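# Structural characterization, general
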Amino acid sequence: MLKRISFLFFLLFLIINISAQQPSGSILAPAPPMGWMTWNYFGENINEKLVKEMADAMAQNGMLNAGYEYLMIDDGWQGGRDKKNNLIPDVEKFPSGIKALADYVHSKGLKLGIYSDAAPLTCAGYTASFGFEEQDAKTFAMWGIDYLKYDYCNAPKDVKTAIARYRAMADALQKCGRKIVFAVCEWGVREPWLWAAQQGAQLWRTTYDVRDAWSSVMEIYGQNVTLYPYAGPGHWNDPDMLIVGLRGSKGPAGLYGGIGCTDIEYQTNMSLWSMMAAPLIATNDIRSMHERTKNILLNKDVIAINQDVLGKQAERKIKDSVFDVLLKPLRGGDFALAILNHSDHAHEITIDFNTLGLQGSYEIKDLWRKDEMGIAKKWKGNVLSHETKLLRLQKIK
Ligand code: GLA
């Protein structure tokens, strides 16, 4: 009898252990989600033709191949509720309905994201999900939605209510019969990194909306970079969309001083977001991308840093008046090293790996120049104003 009981305990121990070591592929958002979102360029001017064109573009322009798999419809798609209180799209913008659109998007090998809000109305004043969480989650599942961005405009300010409202939608999604990534969007105001993962979210915005401006990239980076302990497979800090390639165009990201950035600055946006294991969500017009924009968004070595299976957000190791240095541990003992010159002048910078706590020598690859730089214990180079050097340090086996 005793033998049998201890065998049962052994079995139980084994099961618990195995499930604790589940490969990260079996959880939602095991790596930071990658995709494209309507908001920061098109705002509310969206419709099914546009979304289909974006799906075509993503499938053809290398984005899907590079890992950008979510196509997300942000605010402005809603057309109220029908007589049974089912959420419906604006029939003029989406005459074929969201299910047909999801089928189209899925047929391209992409996933479809949608947007709602934890109040009666969204930020742009459209019908939202408060009080209809279960019904809306079922509708989203029936349509074939794969990702829900859930905003917090028009909702009470206190953290307790926010947690309860996000919990209500997370529970509804759990029960809806489809795996839907849940993205909290309360702009970091109530420190969601402390509670959103426990409520069932896979990511949470850490800041207010990004603008197409260098000052915005630096401000958001500054807020998000300190939150590295909270990121990991299935739970990510979200410092908002990439502004790469917007080039000062009109649209929400062009408001309030969104004057555009240089390509060097867009490259820094991509580098820092990759180092911070942030979702890589483009928002520029991907139907007609400048070659420089493509080179930034589609750099596979940079994306590999972002998507690394360890899922670590880089830690800032050096912060001074000229430059910042970030270090991100990668699978197999490699590291990604970013050197950001945030000053107004180019600088000659030397980084001794020892001072970052790294032992020995590493094989260095410059991921933007695509240079193999040989084996060394330090890196020295000229970093332009607002440039970020991104290096992969490969462990010598
Ligand atoms: C908020 C969000 C944005 C966008 C808009 C839509 O401002 O932070 O990302 O979703 O609402 O109205």
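So, a few notes on the structure that sits alongside this text.

### Points about the side chain of Thr 283
Mapped onto the elements of the fold, Thr 283 is located in the loop between β10 (280-282) and α11 (291-297). Judged by its relative accessible area of 0%, Thr 283 is buried. Polar side-chain contacts of Thr 283 include one of 3.0 Å to the backbone oxygen of Met 37. At 3.5 Å, the side chain of Thr 283 and the backbone nitrogen of Tyr 41 are in polar contact.

### Observations concerning the site of the ligand
If you check the shell around the ligand, you find Trp 39, Asp 74, Asp 75, Tyr 115, Cys 123, Ala 124, Lys 149, Asp 151, Cys 185, Trp 187, Arg 205 and Asp 209 and nothing else. For the ligand, an oxygen atom lies 2.8 Å from a polar atom in the side chain of Asp 75. A distance of 2.6 Å separates an oxygen atom of the ligand from a polar side-chain atom of Asp 209. Isolated, the ligand exposes 310 Å² of accessible area, and the fraction of that covered by the protein chains is 92%. Grouping the constituent residues of the shell around the ligand by class yields six nonpolar, no polar and six charged.

### Digging into helix α10 (residues 263-275)
Taking 1.5 Å per residue, 13 residues should reach 18 Å; α10 reaches 18 Å between its end C-alpha atoms and fits that length. Counting buried positions over the 13 residues of α10 gives 12, a clear majority of the element.

### Looking at the sheet that holds strand β18 (residues 388-395)
Spatially, six strands are ordered β11-β12-β13-β18-β15-β16 in an open sheet, and the strand pairing comes out antiparallel. Each end of this open sheet is capped by a strand with a single partner; those strands are β11 (315-319) and β16 (371-376). Strand-to-strand twist across the sheet, computed as the mean angle between neighbouring axes with direction ignored, equals 25°. Strand direction decides the pairing type here: strand β12 (residues 323-329) and strand β13 (residues 335-341), joined by seven bridges, are antiparallel. Bridge pairing in β13 links Lys 328 to Ala 336.

### Things to note about the pairing of β18
Summarising the sheet, β13 and β18 pair through six bridges and their orientation is antiparallel. Counted as the bridge partner of Leu 337 is Leu 391 from β18.

### Describing the state of the cysteines
Throughout the structure, instances matching the rule amount to one disulfide. No disulfide involves Cys 185; its nearest neighbouring cysteine sulfur is the one of Cys 123, lying 6.7 Å away. With relative accessibility at 2%, the residue Cys 185 sits in the buried group.

### Describing the packing of helix α9 (residues 214-224) against α10
Closest axis-to-axis distance for the α9/α10 pair is 10 Å, and the angle between their directions is 15°. Between α9 and α10, the interaxial angle falls into the category roughly parallel. Handedness of the α9/α10 crossing: left-handed. Packed against α9, whose contacting residues are Trp 214, Val 217, Met 218, Ile 220 and Tyr 221, the element α10 presents Glu 265, Thr 268, Asn 269, Leu 272 and Trp 273 at the interface. Tallied by class, the residues present in the contact of α9 with α10 amount to seven nonpolar, two polar and one charged.

### Overview of the side chain of Thr 139
Counting through the fold element by element, Thr 139 comes out in helix α6 (residues 133-143). Filtering out sequence-adjacent residues up to four positions away, Thr 139 remains in contact with Asn 86 and Leu 87.

Criteria and cut-off values
- Residues numbered from 1 in each chain as written.
- Predicted model: local features only at pLDDT ≥ 70, side-chain atom pairs only at ≥ 80, totals over all residues.
- Heavy atoms only, no water.
- Helix = DSSP H or I, 4+ residues; strand = E, 2+ residues; numbered from the N terminus.
- Buried < 20%, exposed > 50% of the residue type's maximum accessible area, 1.4 Å probe, protein only.
- Polar contact = N/O pair within 3.5 Å; in protein donor to acceptor, adjacent residues only side chain to side chain.
- Near = heavy atom within 4 Å.
- Areas by Shrake-Rupley, 256 points an atom, 1.4 Å probe, with all protein chains shown as cover.
- Nonpolar A, V, L, I, M, F, W, Y, C, P; charged D, E, K, R; others polar.
- Expected span 1.5 Å × (residues − 1).
- Pairing = 2+ DSSP bridges.
- Axes fitted to C-alpha atoms, helices over the stretch in contact; angles between N-to-C directions.
- Disulfide = S-S within 2.5 Å.
- Parallel < 35°, antiparallel > 145°, perpendicular 65-115°, else oblique.
- Left-handed = near helix turned anticlockwise from the far one by under 90°.
- Contact = heavy atoms within 4.5 Å.

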